[in-house]
Amino acid sequence: MAISGASTLFDKLWSDHTVCDLDSGETLLYLDRIFLHERTGSIALQSLHSAGYEVRDARRVFCTMDHIVDTFPGRGDKTLMPSGSDFILATRSETRAANIRLFDVDDGDQGIVHVISPEQGVVLPGLTLVCPDSHTCTQGGIGALAWGIGSSEAEHALATGTLRVRKPKNMRVIVDGQLRPGVTAKDLVLHLIAQFGTNGGAGYTVEFCGSAISQLSVEARFTLCNMAVEFSAFTAIIAPDEKVEAYFAGRDFAPKGEHWEDACRYWRTLRSDDDAVFDRELRIDGSLIEPMVTWGTSPEQVAGLRQFVPDPASFAELHRREAAQRALEYQGLQPGQAISDIAVNAAFIGSCTNSRISDLRAAAAVVQGRHIAPGVRGVVVPGSRRVKREAEREGLDRIFTEAGFEWRDSGCSMCFYAGGETFGEYQRVISSTNRNFEGRQGPNTRTHLASPTTVAASAIAGYITSAETLVNSEALIA
Amino acid sequence: MKPFVTHTGIAAPLLRRNIDTDAIIPSREMKRVSKRGLGEGLFAGWRYTLPGGRELNPAFVLNQPDYAGTSILVALDNFGCGSSREHAVWALAEYGIRAVVASGFGAIFHTNCIRNGILPVRLDEASIAALAEKVQQDPQKNQVTIDLQTCLVQCGDLLWPFSLDESARYLLLNGLDPIALTLQQRRAIDVFEQVRRKEHTWAYAPMEDCVEGVWS
Ligand code: SF4
C-alpha cells in the first residue's frame, strides 16, 4: 500500500482479505468463494480426501459440469470424449460426499463456471473467489478479486479457506475515448494484447478504468477481464458501479433486504483513491480501436480486420520472427495476405469470453435474415442454461437455426478439444473464444479469435469480415 | 513432495516463447481423473507424428538420441502460459523433468511447479541463449547442474546466479506440503473469519441458508 495511505482498489481488497503476512513475504489471503468444475475439481477433491483433509466450509464452495459434458441437445452423462463420463461421475460423487452445491448436467442453472458464477450471484463485488481455471479473472469485471489457480492450490483453498500469495503489483489501464460502433470489449482486449504483448501484464493486477470502461455493459466487462490471463496478468479488476448493483439485484445467492443495503453501501467504497499510485500505467485511446482478429497461434499475433498477415521477416526479434513463421505454417497462411481474404470453414460462438445473452443478441442481429455461406459450419453454444432459456424466449435460437447454425446446450463445448468434438484437421474456425493455441480446438485445427459479431459476419460471408463490412458490401451488391 | 536441493542432468533447449500448457499436455491426453498416467502425453502434439498416435517425431528435441534422459528443459519467455491445468506439471514430473529454465513463466504454472517439486529457474534471454548453445555442443557431456542452496545454474565453465522467492525456495528445499503449514495458522484464520463475518454479514448470509448441501 502506498505510504501516503492512498490505495488502489486492488490494495483495498487485498488488505480486507489479509489474514496475516507470513514470514516468507507471502500473504495469507482469506477466500470468500471457491468454484470448481468437473475437469480439475474432481481431481482436487479426490486428492484432498486421499490426503486426509476436509473441506473447511462447503457452503461457500460450488461446482459445475461444463468442460467435458456434451452440448448436444438431450445430453446425459455419456460424452463424446472417451472416458469423459468418468470425470462427470467422479465429480458428482465427490461433491455429494463433501456437501458441495453442484450445477449438474441436467440442472436448469448449469453452465460455464465463469458465466454462472455471477449469474447466480455466487461471486459478488468485493469478494475473493478462486477456481482451478485460468479464466477466473473474468469476475474482476464486477469488482471481485478473482483469480485462477492450479489443482494443488485448489486443495489448499478447500482445506484451509485461504491461499498463500505474494502480492502482485498495481497496473492501471486507462481507456478513454468512445469505442466506435461495431467495436466490442473483445476487440479492446485483443488491441491491448497487440500493443503490449501477451506478457504485458505479468506480475500485475490490472485495473481497467476510463470513460470507455464506464460505458461498457457488465457483460462486456466480463469479456474484457476474461482475457487478462492472455495478457499474463495475475488478474484484472473494474470498480463496481450502479450497473453492477443493478446486475446483482435479485440474483439467487445475492444478499437480500437489509443485507442488500449493506452490500451496496460497501460496494460504493470500492474504488481506487484519487491519489493512489500505480506501479505502471497504460493509456489506450478507445476511439482508435478497430475490429480485431488473430492470424497466428498466440493472442498477440493479431491484426485489425483491414490489415494484412504480416511477413515474419518484419519482426525485429529472432524469436518473434520464428514464432510468426511457425504460426503461419500451422495456420496455412501467406505473408501479405489480406485478413479479409481468409476463407473460413467454421464459425463458433460460445465460451466464457463471449456466450452471454448480449453476445448472442449482437450475433443474432448480424445473422437475422441471412444464411451462412455454403460449406461453412456454424455452432452457437450459450454459456449457461439461463442464457439459453432467455435466448429462446427472445427467439434468437430460431434466428440462428434458420441461418444454418447449430443451436446447442450450454457448456465449454468446442472452445477446447478434450478428445471428443472438434471441427477437424486443417479446418479454419473463426471463434469467439479466448485461445488460438496450436491444437486448442483440435489437432491441426486453425483458430482465429474475434468478437461474436465478427464471427457471425464471417460465417455469413464465408471469409473473415466485420459486421459493418458485410452490411456495406451487401448494400453495394443490392 | 520430493525435495529439490541440487540436480544435475541433461538439458534440452526448446527455444520458443509462449509454450502454453495446451502444448505441454493437450487436453485430449488428460484421459483419467488422476494425476498419473500423463507422462506419455507430454508435448504430444510435437512429440508424436500423428494426433493421438504414439509414433515418435524424430525432429522433436526430446526424441533425439542426444537428449535421451533429459531432466531439464530450457525455454524462452512465458513458459507454461494459458490453461491452469496442473496436468502440465504432473506430465513433466512423470516424464522425469526436475527443472525448467526459462526467461519467464506463466504465473499459475510457476506455482504449480513449486507445489510439485519442480524447480522453475528464471534467467535472462542472453543467459538462456548461452546456456542453450553450450548444451547443444554436446548435450550428454555438457550436463547442467542446478543448485537451489546456492541458487546457481552451472554448465561446464559457465555459471549463472538466479533468484527464487524465499517461500518457494523453502518449500522446495524441504519438500513441504503448504496445506499442513497453513493449518498451523488455523486459529488466526478462525479469528479473521469471525471478524469478517460480523463486518460483512451480507457476504455470508445468503450461504447460511444451506443445510447439508441442500439449498432452501
Ligand atoms: S469456455 Fe473455454 S476458456 Fe472458458 S472455461 Fe471453458 S474451456 Fe476454459
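Q: Please clarify how the confidence of the model for chain B should be interpreted in this entry.
A: For any part of a model where pLDDT is low, the fine detail of the predicted coordinates should not be relied upon. Counting all residues, the mean pLDDT for chain B is 94, and 96% of those residues have values of 70 or more. Contacts from residues 211-216 of chain B, a stretch scored under 50 in pLDDT, to residues over four places away or in other chains number 12 contacts.

Q: How should the packing of helix 12 (residues 357-367) of chain A against helix 13 (residues 385-393) of chain A be read in this particular structure?
A: Axis angle and axis distance: for two packed helices, these are the angle between their axes and the distance between the axes, and together they describe the pair. Residue and element names in this part refer to chain A. Across the interface, helix 12 lies against helix 13 with an axial gap of 9 Å and an inter-helix angle of 35°. For the element pair helix 12 and helix 13, the recorded crossing hand is right-handed. For the pair formed by helix 12 and helix 13, the contact residues are Ile357, Leu360 and Arg361 on the first element and Val387, Glu390 and Ala391 on the second. Tallied by class, the residues present in the contact of helix 12 with helix 13 amount to 4 nonpolar, no polar and 2 charged.

Q: Hey, could you run me through the environment of Arg54 of chain B in this one?
A: All names here are of chain B. When you line up the elements, Arg54 lands in the loop between helix 2 (44-47) and strand 2 (70-75). The residues touching Arg54, leaving out its near neighbours within four places in the chain, are Glu29, Lys31, Glu40 and Tyr48. One polar contact links Arg54 to Glu29, side chain to side chain, over a distance of 2.8 Å. Of note is the side chain of Arg54, whose polar atom sits 2.5 Å from the side chain of Glu40.

Q: I would appreciate a short explanation of helix 6 (residues 166-174) of chain B in the present structure.
A: An α-helix turns once every 3.6 residues. As a result, residues three or four positions apart point the same way. Residue and element names in this part refer to chain B. Inspection of helix 6 places Ser167, Ala168, Arg169, Leu171 and Leu172 among the buried residues, and these make up the whole buried set. The inward-facing, buried residues of helix 6 abut helix 4 (107-115), strand 4 (119-122) and helix 7 (178-183). One or two positions beyond helix 6, positive phi appears at Gly175, with a value near 60°.

Q: Teacher, can you tell me more about the side chain of Asp397 of chain A here?
A: All names here are of chain A. Examined against the element boundaries, Asp397 turns out to sit in helix 14 (residues 396-402). Arg398 provides the closest opposite charge to the buried, salt-bridge-free Asp397, at an N-O distance of 4.5 Å. Sequence-distant contacts of Asp397, defined by excluding residues within four places in its chain, comprise Ala391, Glu392 and Trp407.

Q: Where do I start with the pairing of strand 9 (residues 169-176) of chain A in this structure?
A: Residues in a regular strand point their side chains to alternate faces of the sheet. All names here are of chain A. Across the 8 residues that make up strand 9, a large majority, 6, are buried. Judged from the 6 bridges that link them, strand 9 and strand 10 (residues 204-209) form a sheet pairing that is parallel. From the neighbouring strand, Arg172 faces strand 10, where its bridge partner is Glu207. After leaving strand 9, the chain enters helix 6 (residues 185-196) and then returns to the sheet as strand 10, a path that is right-handed. With 6 bridges joining them, strand 9 and strand 12 (residues 280-285) adopt parallel strand pairing.

Q: How should I be thinking about the sheet that holds strand 19 (residues 446-449) of chain A in this particular structure?
A: The strands making up a sheet associate through hydrogen bonds between their backbones, and the pairing can be parallel or antiparallel. Residues and elements named next belong to chain A. Pairing within the open sheet is parallel, and its 5 strands lie in the order 17-16-15-18-19. Two strands bound the open sheet, and with one partner strand each, they are strand 17 (405-407) and strand 19. Here the strands of the sheet are splayed against their neighbours by 20° on average, with no regard to which way each runs. Pairing analysis gives 3 bridges linking strand 16 (residues 377-380) to strand 17, with the strands arranged parallel. Within the sheet, the bridge partner assigned to Val380 lies in strand 17 and is Trp407. Packed on one face of the sheet, helix 15 (residues 452-461) meets strand 15 (346-349), strand 17 and strand 18 (428-431) and runs near 150° to strand 15.

Q: It is not clear to me how the interface of chain A and chain B should be interpreted in this structure. Could you clarify?
A: Where interface size is quoted, it is often the accessible area lost as the parts come together. Between chain A and chain B, the contact holds 79 residues from the first and 64 residues from the second. In this assembly, chain A packs against chain B so that about 5,900 Å² is buried in total across both faces, 57% of it on carbon and sulfur atoms. Linking chain A to chain B there are 10 salt bridges. Among the salt bridges present, the one from Glu193 of chain B reaches Arg56 of chain A, with a minimum N-O distance of 3.0 Å.

Q: Sorry if this is basic, but what is going on with the sheet that holds strand 3 (residues 33-37) of chain A here?
A: Residue and element names in this part refer to chain A. Pairing in this open sheet of 5 strands is parallel, and the strands run 5-4-3-6-7 from one edge to the other. Both edges of this open sheet fall to strand 5 (101-103) and strand 7 (145-148), since each of them pairs with a single strand only. Each strand axis lies, on average, 20° off the axis of its neighbour in the sheet, ignoring direction. With 3 bridges joining them, strand 4 (residues 61-64) and strand 5 adopt parallel strand pairing. Residue pairing across strands places Cys63 opposite Leu102, the latter belonging to strand 5.

Q: Help me understand the nonpolar core, please; the structure alone is not making it clear to me.
A: Soluble, globular proteins show a tendency: their nonpolar side chains are buried together. Judged by nonpolar contacts, the single largest core of 111 residues is most densely connected at Phe400 and Phe405 of chain A together with Phe43, Phe79, Leu92, Leu119 and Ile146 of chain B. Those residues in contact with Leu119 of chain B that sit more than four places away from it in its chain are Phe4, Arg98, Ala99, Val100, Ile146, Leu148, Phe162, Leu164 and Leu172 of chain B. Judged by nonpolar contacts, the second largest core, of 75 residues, contains Val55, Met65, Ala159 and Phe234 of chain A.

Q: Could you clarify how one ought to interpret the environment of Phe437 of chain A in this entry?
A: Within the secondary structure, Phe437 of chain A sits in the loop between strand 18 and strand 19. The spacing of Phe437 of chain A and Phe315 of chain A is 122 residues in sequence and 20 Å in space, taken between C-alpha atoms. Those residues in contact with Phe437 of chain A that lie beyond four places of it in its chain are Thr297 and Pro299 of chain A together with Asp20, Asp22 and Gly82 of chain B.

Calculation criteria
- Throughout, a residue's number is its position along its own chain's written sequence, starting from 1.
- For this description, chains carry letters from A and ligands carry numbers from 1, given in the order in which they are written.
- With the structure being a predicted model, the display of local features is reserved for residues of pLDDT at least 70 and the display and counting of side-chain atom pairs for 80 or more, all residues being used for whole-chain, interface and lining totals.
- Water and hydrogen atoms play no part in the side-chain values, which are based on all heavy atoms of the structure.
- Confidence of the predictor in every single residue is expressed as pLDDT, which spans 0 to 100.
- Whether two residues touch is decided by their heavy atoms; if any such pair falls within 4.5 Å, the residues are in contact.
- The axes are straight lines fitted to the C-alpha atoms, using for helices just the contacting stretch, and the angles between their N-to-C directions are given from 0 to 180°.
- Under the scheme used here, helices are H or I runs from DSSP no shorter than 4 residues and strands are E runs no shorter than 2 residues, and both carry numbers assigned from the N terminus.
- A crossing counts as left-handed when the near helix is turned anticlockwise from the far one by less than a right angle, and as right-handed when that turn is clockwise.
- Polarity classes work like this: nonpolar for Ala, Val, Leu, Ile, Met, Phe, Trp, Tyr, Cys and Pro, charged for Asp, Glu, Lys and Arg, and polar for all others, with Gly in that last group.
- We define a polar contact as two N or O atoms separated by no more than 3.5 Å, with the added condition that, inside protein, one atom must be a possible hydrogen donor and the other a possible acceptor, whereas residues neighbouring each other in sequence contribute only through side-chain atom pairs.
- Buried residues are those whose accessible area, probed at 1.4 Å on protein chains only, stays under 20% of the maximum for their type, while exposed residues exceed 50% and partly exposed ones sit between those limits.
- Residues counted as positive are Lys and Arg, residues counted as negative are Asp and Glu, and His and the chain ends are not counted.
- For this document, the term salt bridge refers to a Lys or Arg side-chain nitrogen within 4 Å of an Asp or Glu carboxyl oxygen.
- Here, a strand pair is defined by DSSP locating no fewer than two bridges between the strands.
- A right-handed crossover is one whose linking path, passing over the helix from the first strand to the second, runs clockwise when the strands point away from the viewer.
- Throughout, the accessible surface (probe 1.4 Å) given up by two parts as they are put together, summed over both, is called the buried area.
- As used in this record, nonpolar core signifies buried Ala, Val, Leu, Ile, Met, Phe, Trp, Tyr and Cys residues forming a set joined through side-chain atoms within 4.5 Å.

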